[in-house]
Amino acid sequence: MAGNRTFTMLKPDAVTAGNIGAITKMIEEAGFKIVAMKKTRLSSELAGKFYEVHKARPFYGELCSYMSSGAIVPMILEKDNAVEDFRTLIGATDPKKAAPGTIRALFAKSIDANAIHGSDSDANAEIESNFFFSQFERF
Ligand code: IDP
Ligand code: MG
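Only a predicted model underlies this, so the values are computations on that prediction, with no experimental measurement involved.

Q: Go over helix H5 (residues 82–90), please, and point to the residues and values.
A: Buried within H5 are the following residues: Ala 82, Val 83, Phe 86, Leu 89 and Ile 90. Axial view of H5: buried residues confined to an arc of 125°, hence all on one face. Facing away from the buried side of H5 by over 90 degrees, the exposed positions are Glu 84 and Thr 88. Residues of H5 that are buried sit in contact with strand S1 (5–10), helix H2 (20–29), strand S3 (73–78), helix H6 (103–107), strand S4 (116–118) and helix H7 (122–132). Positioned one or two residues after H5, Gly 91 has a phi angle of 85°, which is positive.

Here's what the structure looks like:
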């Protein structure tokens, strides 16, 4: 059975552009409850750890420097079928291919600076949530 939590993170381009409020509003209006949320910043080393699964991909270095270039807003979200429904809400990785009305179609700048992260499985949602939040930060 699909789990009811996912992990997301507003990326530096979205935060720098002043889109925290607009994107968070879309997330809440789509029926997701915010369980945990904060504004923080990753070092390049920590960004590398978060994206370790992409280590072999050609854009890994670029991704780590981009993800540590400014503030981010990680969140844990709750909703039935959370992982799949949230991936639908954010749209395809490349904003040019993202369906109209999705968060990436509306706010992403490019395939790398694509506004928002969304976990791709229940297992990764758990790992990524634990990367940023202690049990005392979840309500
Ligand atoms: P996802 O975020 O839609 O799950 P992934 O394939 O898991 O996409 O890639 C992780 C992140 O790496 C993307 O969100 C994007 O920021 C970056 N990325 C993915 N593909 C490329 C690429 O071809 N060039 C540059 N950056 C990329
Ligand atoms: Mg991914």
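There is more to say after this.
Q: Any details on unusual backbone geometry? Residues and values, ideally.
A: Backbone geometry at Asn 81 places phi at a positive 55°, although glycine is not the residue there. Assessed through its relative accessible area of 26%, Asn 81 is described here as partly exposed. Phi at Ala 115 is positive, roughly 70°, even though this residue is not glycine. Note on Ala 115: relative accessible area 0%, which makes it buried.

Q: Describe the sheet that holds S3, and please don't skip the residues or the numbers.
A: Taken in spatial order, the 4 strands of this open sheet run S2-S3-S1-S4, and their pairing is antiparallel. Since the sheet does not close on itself, it has two edges, and those belong to strand S2 (33–37) and S4, each with one partner. Pairs of neighbouring strands in the sheet enclose a mean axial angle of 25°, with direction left out of account. Direction of pairing for S2 relative to S3: antiparallel, over a ladder of 4 bridges. Looking at S3, one finds that Ile 34 is bridged to Leu 77. The strands touched by H5 within the sheet are S1, S3 and S4, with S4 carrying the most contacts at an inclination of about 155°.

Q: Residue-level account of the environment of Ser 44, with values.
A: Counting through the fold element by element, Ser 44 comes out in helix H3 (residues 44–50). Look at Ser 44 and you get partly exposed, because its relative accessible area is 40%. Remark: the alpha-carbon pair of Ser 44 and Ala 17, spanning 27 residues in sequence, is separated by 21 Å. Each residue touching Ser 44, except ones within four places of it in the same chain, is listed here: Cys 64 and Ser 68.

Q: For the site of ligand 1, give the residues involved together with the corresponding values.
A: The environment of ligand 1 is formed by Lys 11, His 54, Arg 57, Phe 59, Leu 63, Arg 87, Thr 93, Arg 104, Ile 111, Asp 112 and Asn 114. For ligand 1, an oxygen atom lies 2.5 Å from a polar atom in the side chain of Thr 93. Arg 104 places a polar side-chain atom, nitrogen or oxygen, 3.0 Å from an oxygen atom of ligand 1. Burial of ligand 1 by the protein amounts to 82% of the accessible area it has alone, namely 530 Å².

Q: Help me get a handle on the packing of aromatic side chains, residues and values and all.
A: Applying the stated rule across the entire model yields 7 aromatic pairs. Consider the rings of Phe 7 and Phe 50, whose centres lie 5.9 Å apart with planes at 45°: the pair is tilted. Taken together, the residues Phe 7 in strand S1 and Phe 50 in helix H3 connect sequence positions 43 residues apart. Both rings, one in Phe 7 and one in Phe 132, keep their centres 5.5 Å apart while their planes meet at 10°; by these two values the pair is stacked. Here Phe 132 lies in helix H7 and Phe 7 lies in strand S1, a separation of 125 residues in the sequence.

Cut-offs applied
- Residues numbered from 1 in each chain as written.
- Chains lettered and ligands numbered in written order.
- Predicted model: local features only at pLDDT ≥ 70, side-chain atom pairs only at ≥ 80, totals over all residues.
- Heavy atoms only, no water.
- Buried < 20%, exposed > 50% of the residue type's maximum accessible area, 1.4 Å probe, protein only.
- Helix = DSSP H or I, 4+ residues; strand = E, 2+ residues; numbered from the N terminus.
- Arc of directions from axis to C-beta.
- Contact = heavy atoms within 4.5 Å.
- Pairing = 2+ DSSP bridges.
- Axes fitted to C-alpha atoms, helices over the stretch in contact; angles between N-to-C directions.
- Near = heavy atom within 4 Å.
- Polar contact = N/O pair within 3.5 Å; in protein donor to acceptor, adjacent residues only side chain to side chain.
- Areas by Shrake-Rupley, 256 points an atom, 1.4 Å probe, with all protein chains shown as cover.
- Phe/Tyr/Trp six-rings, centres within 6.5 Å; stacked < 30°, edge-to-face > 60°.

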